[in-house]
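# Understanding the architecture of this molecule
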Amino acid sequence: MKVSVAHFIRLAFLLQALALTSCISEEESGYGSKLKAGDMLPAFSVRLDGGEVFDSSKQAGKVSVIVFFNTLCPDCRQELPEVNRLYQDYGDDERVSFACLGRDETDESICAYWEEHGLSMPYHADEGRKVYGLFAESTVPLIYISDGNLVIRYVYTDSPLASYDEMKEAVASLLDIVPD
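Residues numbered from 1 in each chain as written. Predicted model: local features only at pLDDT ≥ 70, side-chain atom pairs only at ≥ 80, totals over all residues. Heavy atoms only, no water.

### A look at the side chain of D147
- Within the fold, D147 resides in the loop between β6 (142-146) and β7 (152-156).
- Take D147: its relative accessible area is 10%, and that puts it in the buried class.
- Within the structure, D147 has its side chain in polar contact with the backbone nitrogen of N149 (distance 2.8 Å).
- At 2.7 Å, the side chain of D147 forms a polar contact with the side chain of R153. (Helix = DSSP H or I, 4+ residues; strand = E, 2+ residues; numbered from the N terminus. Buried < 20%, exposed > 50% of the residue type's maximum accessible area, 1.4 Å probe, protein only. Polar contact = N/O pair within 3.5 Å; in protein donor to acceptor, adjacent residues only side chain to side chain.)

### Re helix α4 (residues 107-117)
- Taken together, the buried positions of α4 are I110, Y113 and W114. In a view along the axis of α4, the buried residues occupy a sector of 100°, so they form one face of it. For α4, exposure combined with an orientation more than 90 degrees from the buried face picks out E108, E115 and E116.
- Looking at the packing, one finds that the buried side of α4 touches β3 (63-69), α3 (74-90), β4 (96-103) and β5 (123-126).
- Just beyond α4, the residue with positive phi is G118, at close to 65°. (Arc of directions from axis to C-beta. Contact = heavy atoms within 4.5 Å.)

### A look at the sheet that holds β6
- The strand order β5-β4-β3-β6-β7 describes an open sheet built from 5 strands, whose pairing is mixed. The open sheet has two free edges, formed respectively by β5 and β7, since each of these has just one partner strand. Between one strand and the next, the sheet's axes are offset by a mean angle of 20°, whatever the strand orientation.
- Pairing between β4 and β5: 4 bridges, direction parallel. Paired with R103 across the strands is D126, a residue of β5. (Pairing = 2+ DSSP bridges. Axes fitted to C-alpha atoms, helices over the stretch in contact; angles between N-to-C directions.)

This is the structure we're talking about:
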């Protein structure tokens, strides 16, 4: 079988694009999350889609839910509705803050995805992986839940995906309330 240079270049480009957007698990890559439960939240500040600023240093006294995703990732597509359910439960609770950061995404792509799927959580497009690089090297989805002392208490990856009930129990345990 004879393969032209043009076909080879297209195949190489496709494979590279898949590697950049696919869900890579820590076990497969040897990388993944740089942070684990017990680590401090890194310092970062982002402007969310509603205009408010999420500054990690100003989350003291709150439970923070920080989500890294890419809308092309199948695991993220499965996980985002679960996180949105959590946001619907706690989004109005002043003791809990949310920031969803789209790894290598644009505002336009996230906005379109949010509208298409009825998501309401606050998001930020982390186009250059500036914030993502503080937390991880390769894995999405990644969910970090930290306590009021800015200590990460729970880390969820794609292996296995976190359920709504697991995340709700984690947030509730940090708020010292019993989940419904």
